[in-house]
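# Residue-level structure breakdown
Listed below, chain by chain, are the residues.
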Amino acid sequence: MSTQVELVDETGTINQSELTKVAAALQKQAQHDLASAWGVAAQVTAGTGNGQPGVWPIFIREKSPAGLGVHLDDKTGQPFAVIEPGTDWSVTASHELLEMLVDPLGSRMVTGPSIDPAANGRPVHYLVEVGDPVETREYEIDGVKVSDFVLPAFYQRQAPPNGGYDERQQLNQPLEILPGGYISWWDPADNRWHQKTPDGTFVTAKAEADLSTSFRDSRDKAFPDDPDRHDLRKIRKMR
């Protein structure tokens, strides 16, 4: 059964025909590209945001107290996403839709060798965010720009049968990060979050991780001084 997702424009800057066209493209991406790789799909419509139970909204807002990205409603625990308007807002909407569907609760991790040379390949736990490693790459569906995303093989050590690690075949090996992309992981050796950032550097959180909340929230709290983490428009300029 597909998840019900609504695109909700709270800015009044996007006309209904554009909203409907983008929703149709996102649905096609979810039903075909994402579903074949990750086994999850969605019915995406242009909605009003009237809070129907079970419907996951993607809000288009000028500003949000929750910040950009995927979040959980404090009262219901239901996932929702927040993006900003702009010339390439459909790519951002696609990015957040894909990540919300693959890991709605922000707690999906995969174990693999650390990509930080200083860690000598010791096992760490990668937060599954399928858009982040390739977030500077996009493609079109029916004239609408959508985000590239990594495939399950990205987190595996062996080569996949089809040789692909992302939807657009931009990656050549597991855990490779394209310029402008990033990835986060928790290292049990020091109980801290680590990242390879969009500029290619490796960073370590100053404080030990608090894993009592969702892992995604724990990561965000570990790097509070990174306001541009979800600024996809800025990051995509680094391609």
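Notes on the structure follow. Since this is a predicted model, take the numbers as computed values, not measurements. (Residues numbered from 1 in each chain as written. Predicted model: local features only at pLDDT ≥ 70, side-chain atom pairs only at ≥ 80, totals over all residues. Heavy atoms only, no water.)

### Regarding the pattern of salt bridges
Where we set the bar: Here, a salt bridge means any side-chain nitrogen of Lys or Arg that lies within 4 Å of a carboxyl oxygen of Asp or Glu.
A complete count under the given rule lists six salt bridges for this structure. Across the pair Asp-220 and Arg-219 runs a salt bridge whose closest N-O atoms are separated by 2.7 Å. Members of the salt-bridge network, linked through shared partners, are Glu-129, Arg-219 and Asp-220.

### Topic: the environment of Ser-94
This is how the line gets drawn: The secondary structure listing takes helices from DSSP runs of H or I that are at least 4 residues long and strands from runs of E that are at least 2 residues long, numbered from the N terminus. Here's how the labels work: a residue is buried when its accessible area is under 20% of the maximum for its type, exposed when over 50%, partly exposed in between, all with a 1.4 Å probe on protein chains only. Residue contacts are defined here by distance: any two heavy atoms, one from each residue, within 4.5 Å place the two residues in contact. What qualifies as a polar contact is a pair of N or O atoms within 3.5 Å, subject to a donor-acceptor requirement within protein and to the restriction that residues adjacent in sequence count only when both atoms come from side chains.
Following the sequence through the fold, Ser-94 ends up in helix α2 (residues 89-102). According to the relative accessible area criterion, Ser-94 is buried, its value standing at 0%. When the C-alpha positions of Ser-94 and Val-146 are compared, they lie 5.4 Å apart, and in sequence the two are 52 residues distant. Beyond its immediate chain neighbours, meaning those up to four positions away, Ser-94 contacts Leu-26, Gln-29, Val-146 and Ser-147. At a separation of 3.0 Å, a polar atom in the side chain of Ser-94 contacts the main-chain amide nitrogen of Ser-147.

### Some details on the sheet that holds strand β7 (residues 123-127)
Filter applied, for reference: Each pair of strands is called paired provided DSSP finds at least two bridges between the two strands. Axis angles are defined between N-to-C directions and span 0 to 180 degrees, where every axis is a line fitted to C-alpha atoms and, for a helix, only to the segment in contact.
Spatially, five strands are ordered β6-β7-β10-β11-β12 in an open sheet, and the strand pairing comes out antiparallel. Lying at the two open borders of the sheet, with one neighbouring strand each, are β6 (109-113) and β12 (202-204). Strand-to-strand, the axes of this sheet are offset by a mean angle of 30°, without reference to chain direction. Bridge analysis of strand β10 (residues 183-187) against strand β11 (residues 192-196) gives five bridges, and the strand direction is antiparallel. Looking at β11, one finds that Ile-183 is bridged to Lys-196.

### Examining the sheet that holds strand β1 (residues 3-9)
Taken in spatial order, the five strands line up as β2-β1-β3-β5-β4 in an open sheet, and their pairing is mixed. In this open sheet, the two strands that pair with only one neighbour each are β2 (42-46) and β4 (69-72). Recorded for the sheet is a direction-independent mean angle of 25° between the axes of neighbouring strands. The pairing of strand β3 (residues 55-60) with strand β5 (residues 79-83) spans three bridges and is parallel. Following the sheet pairing, Ile-60 is matched in β5 by Ile-83. The sheet strands contacting α2 are β1, β2, β3, β4 and β5, and the helix crosses β5 at an angle near 160°.

### A word on the side chain of Glu-129
For Glu-129, the position within the fold is in the loop between β7 and β8 (138-141). Judged by its relative accessible area of 6%, Glu-129 falls in the buried class. Those residues in contact with Glu-129, other than ones at most four positions away along the chain, are Glu-99, Tyr-155, Tyr-182, Ser-184, Arg-216 and Arg-219.

### A few points about the environment of Pro-113
Along the chain, Pro-113 falls in strand β6. Assessed through its relative accessible area of 27%, Pro-113 is described here as partly exposed. On a C-alpha basis, the gap between Pro-113 and His-32 in space is 31 Å, while along the polypeptide they are 81 residues apart. If we skip the residues at most four places from it in the chain, Pro-113 touches Gly-121, Arg-122, Pro-123, Val-124, Tyr-126, Arg-157 and Leu-175.

### Considering the pairing of β10
In terms of burial, β10 is a largely internal element, five of the five residues being buried. Across the two faces of β10 the burial is the same, with Ile-183, Trp-185 and Asp-187 and Ser-184 and Trp-186 all buried. In this structure, β7 lies alongside β10, joined through two bridges in antiparallel fashion. Paired with Tyr-126 across the two strands is Trp-185, which belongs to β10. Here β10 hands over to β11 after four residues, with Asn-191 in that stretch at a positive phi of 55°.

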